[in-house]
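The chain contents come next:
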Amino acid sequence: MQKPSIPKGTRDFSPEEMANRNYIFNTIKSVFQLYGFRQIETPAQENLSTLMGKYGEEGDKLLFKILNSGDFAGGVADEEWAAKNSVKLTSKISEKGLRYDLTVPFARYVVQHRDQITFPFKRYQIQPVWRADRPQKGRYREFYQCDADVVGSNSLVNEAELLQMIDEVFHRLGINVTIKLNNRKILAGIAEYIGEPDRLIDITTAIDKLDKIGEEKVLQELRDKGFQEDALTELKSILFIIPPPSIKKDDSSFDTTWKNNDIILRQLKAILMDSEIANKGLSEIEEILEIVKLTGIQTNIELDLTLARGLNYYTGAIIEVKANDVQIGSISGGGRYDNLTGVFGMDGVSGVGISFGADRIYDVLNQLNGFPAMSEENTRLLFINFGDKEQRFCLPLLKAVRAAGINAEIFPEAAKIKKQMSYADSKKIPFVAIVGENEINANAVMLKNMTSGEQQLVPVDELVDKMNAL
RNA sequence: GUGGCUGUAGCUCAGUGGUAGAGUAGUGGAUUGUGGUUCCAUUGGUCGUGGGUUCGAAACCCAUCUGCCACCCCA
């Protein structure tokens, strides 16, 4: 007999886990709907031509490819097998892949269905994505993303709404978070300012490490990559603005964060005043913060110049959410991408979106013991089964209780009472109806509260009201 | 893709070359209408998989897979 197992980086979910996961999904979903987003789904498989080249070279490696059906080997020449060039061979034997995120399939969807879409189009999508990454803490090969995106609107109101949605979702879930905000245009301005406008990626990935390895090592890394000393000196004057982590930690109160943001913005404006693109980015951030302030928000929004995620397609705002009380990677992220549909032949459609990482949010809630004790999915009432006669008496009652919207079940066989009670225990069923000969004669059920142990005789026609009152 | 740690009963783990163990869960009973506490009994393992060293391997060596951790990257 072989030991059953599942592929690396995938997971089974138990009923308890699913109840908790659905709590997360439902919370996110209702917030999405509250803000006017409508749900779509796209296939797990996409054509590789849709996926390849959208996530950079690294991303292509992390794509799961699906072997062609049928005689996939037949059309490949012997020399090509012999060459053992995996990349070239892949294109011959695989034309489909599993989706890597929800944004690119969405872009494809928008272009493909543009005749049916009225802009601005606000859609949400909650589906699994797959990455052939090496699994570790908070990182899986199959995981869910919960995306909300707006396409066809350049207004910064959208960015502000997304920030409020983040605020609302994590407030409802009871997770303390910090929203980090940056803008690709400011980063471009910085690159321009130090005279290396074409090396944006090198610069951002280096300063991304600032709080990990420190200023000296960041500068050294750039020096190794061939940056000139005067460029580095100029960069230093900007790094100086980034508050060191110690200050961020000690005083992250709401007011202080907003004050810090103002200070950073003012200093950046002074330094980057000659850069047109930087000024654009700075005024975007100012406007977003202004709208958010106007509508009220409880979460700290922190300007963070080291935030450089997803540079492959973001063009404006960059958003990332960190849990304050749990050490884990970012639990949400998003941003503005001006021309994602361009690669599918539809120019000039701007989009902005966020993605909630449901699996990481699960891990965070799990560590915080933040899940509701009693799931709404759980059975509330179990009828104990004493035998044929009693079962016949209970079944219509069971039907009536269910008709009233109360999750209920009857133990399907007349097993030992101990067994049936243990069953209720292990399923955390809060109430048990004990119905034997005495109760039938009284036309009543013995209703037992499994937490307190108390029980009382309830006439059958009062059972539903009684259950609703409890 | 690179480097490190790991794997023994459903679960958590002990076992340093000489007969495969505990706790817990499961099942039966003490208690034939009362669970979550207690007591007794009992099921359950090709010691991740494949090879090697040895008279003898769960243990030592090699390979491989899984899980975890760090890097890269990311939700």
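See the structure printed just above.
Residues numbered from 1 in each chain as written. Chains lettered and ligands numbered in written order. Predicted model: local features only at pLDDT ≥ 70, side-chain atom pairs only at ≥ 80, totals over all residues. Heavy atoms only, no water.

Participant: Whenever I open this one, unusual backbone geometry confuses me. Can you help?
Facilitator: Backbone geometry follows two general trends: most residues other than glycine have a negative phi, and most peptide bonds adopt the trans configuration. For the bond from Phe-119 to Pro-120, the omega torsion is -5°, close enough to zero to count as cis. The residue Pro-120 is located in the loop between α6 (103-112) and β5 (121-130) in this model. Despite not being glycine, Lys-428 has its phi angle at roughly 55°, a positive value. Tracing the sequence through the fold places Lys-428 in the loop between α17 (417-426) and β14 (431-434). Residue class for Lys-428 comes out exposed when judged on its relative accessible area of 58%. For Asn-443, which is not glycine, the phi dihedral falls at a positive 55°. With respect to the helices and strands, the residue Asn-443 is situated in the loop between α18 (437-442) and β15 (444-449). A residue is classified by how much of its surface remains accessible, and Asn-443, at 41% relative accessible area, is partly exposed. (Helix = DSSP H or I, 4+ residues; strand = E, 2+ residues; numbered from the N terminus. Buried < 20%, exposed > 50% of the residue type's maximum accessible area, 1.4 Å probe, protein only.)

Participant: Looking at this model, I keep getting lost on the pairing of strand β16 (residues 455-459). Mind explaining?
Facilitator: In summary, the side chains of a regular strand alternate between the two faces of the sheet. Across five bridges, the pairing between β15 and β16 is antiparallel. Bridge pairing in β16 links Met-446 to Leu-457. Hairpin connection, β15 to β16: the antiparallel pair is bridged by five residues, and Gly-453 has positive phi, about 85°. (Pairing = 2+ DSSP bridges.)

Participant: I'm lost on the layout of surface pockets in this one. Help?
Facilitator: Put simply, the second largest pocket is a space of about 440 Å³. Lining the second largest pocket are 15 residues, with Pro-15, Glu-16, Ala-19, Ser-375 and Asn-378 positioned closest to its centre. Broken down by element, the lining of the second largest pocket gets its largest block of residues, four residues, from helix α1 (residues 15-34). In the lining of the second largest pocket, the residues fall into six nonpolar, five polar and four charged. (1 Å grid on protein atoms, 1.4 Å probe; cavity = no way out; pocket = protein on both sides within 12 Å on 5 of 7 lines; lining within 4 Å. Points joined across faces, edges and corners; volume = space filled by probe spheres on them. Nonpolar A, V, L, I, M, F, W, Y, C, P; charged D, E, K, R; others polar.)

Participant: What's the story with the side chain of Gln-127 in this structure? I'm lost.
Facilitator: By the element assignment, Gln-127 lies in strand β5. Note on Gln-127: relative accessible area 7%, which makes it buried. Side-chain polar atoms of Gln-127 contact the backbone nitrogen of Thr-42, separated by 2.9 Å. The residues contacting Gln-127, other than those within four sequence positions of it, are Ile-40, Glu-41, Thr-42, Arg-99, Leu-102, Phe-143, Tyr-144 and Gln-145. (Polar contact = N/O pair within 3.5 Å; in protein donor to acceptor, adjacent residues only side chain to side chain. Contact = heavy atoms within 4.5 Å.)

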